Every structure is written in C-alpha cells, then in structure tokens.
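For reference, the chains in residue letters:
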Amino acid sequence: MSSDSLLAIANLLLPEVLVTYFDLTKHEIKGEELHFYFTELNTVPDEYSGAKLHSKGFFAQATVQDFPIRGKSVFLHITRRRWFNEATGKVVTRDWDLVAKGTRITSEFATFLKEVCR
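What counts, and where the lines are drawn
- Residues numbered from 1 in each chain as written.
- Predicted model: local features only at pLDDT ≥ 70, side-chain atom pairs only at ≥ 80, totals over all residues.
- Heavy atoms only, no water.
- Buried < 20%, exposed > 50% of the residue type's maximum accessible area, 1.4 Å probe, protein only.
- Helix = DSSP H or I, 4+ residues; strand = E, 2+ residues; numbered from the N terminus.
- Pairing = 2+ DSSP bridges.
- Axes fitted to C-alpha atoms, helices over the stretch in contact; angles between N-to-C directions.

- As recorded in an unreviewed UniProt entry, the protein chain goes by the name Transposase, listed as coming from Mesonia profundi.

And the structure:
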C-alpha cells in the first residue's frame, strides 16, 4: 500500500491535528487494543513564526484514549516537542486541545460520548 493510501486512511481514522502536526512513529496491536505512537514534528508554531526558536527536546509521553476501531480500544501515545525562545530565554510549546478536560480521552471522543448518552 502506498504512503498516500496510508495517509488517506489515517486522515479518516485519526484526529486531524495528529496527522498534520505529528509523525506516526510506531503502531502496535496488543490483544483487543490498538496503540499509535506520535512525535510532534519540528515545525515552529505559527504564533512564534518571527521568533528565533530551536528545538529543546520533548515532554514526557501522554496517553489518551480515542474512538474504538473495529471493536478494539484505541490508545494514542503522544510526545510533544518544546522549543527554546532565544529572545526571551523561555521554553515555548504549541497550545494543543487534544485531551478533554478531566478525562484521558480525546476531545472529539468526549463530545461523541456526550451526544450518545443524551
């Protein structure tokens, strides 16, 4: 299967922000669970496009649960990048809204569950 086909399938199954700003580094099937591992790409956030930033490593990996696929639980393992702003001397990151507040599931999945339970 070509990489274009895999990207098209990923766009249908995974949150758009992951396909756009992250690299899928690994995937595993463990029994009834699917695990996808993502690492944030080294592209400077738009709000810092004029600043001189350089990559300063990563935060600890976060794991969130997403929509089930084919009856299997889906877990997204996300490693976010941080940059050092030379002008301010501070570490900056993108402001992601990937996880619904108070949960360990994606915001899209939380919205879906709220609608189903009504």
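Following the structure, the description resumes.
## Some details on the pairing of strand 2 (residues 33–40)
- In terms of burial, strand 2 is largely enclosed, as 6 of its 8 residues are buried.
- Summarising the sheet, strand 1 (residues 22–30) and strand 2 pair through 8 bridges and their orientation is antiparallel. Note on strand 2: the bridge partner recorded for Lys26 is Tyr37.
- The loop that links strand 1 with its antiparallel partner strand 2 comprises 2 residues; one of these, Gly31, has a positive phi angle of about 60°.
- Taken together, the 7 bridges between strand 2 and strand 5 (residues 72–79) define a ladder with parallel strand orientation. Across the sheet, the residue bridging to Tyr37 is His77, located in strand 5.

## Digging into the sheet that holds strand 7 (residues 90–92)
- Spatially, 3-6-7 is the arrangement adopted by the 3 strands of the open sheet, whose pairing is antiparallel. A single partner strand is all that each edge strand has here, and the edge strands are strand 3 (53–58) and strand 7. Taken over all neighbouring pairs, the strand axes of this sheet differ in orientation by 40° on average, direction set aside.
- Pairing of strand 3 with strand 6 (residues 81–85) involves 4 bridges; the strand directions are antiparallel. When the sheet's bridge partners are listed, Phe58 is paired in strand 6 with Arg81.

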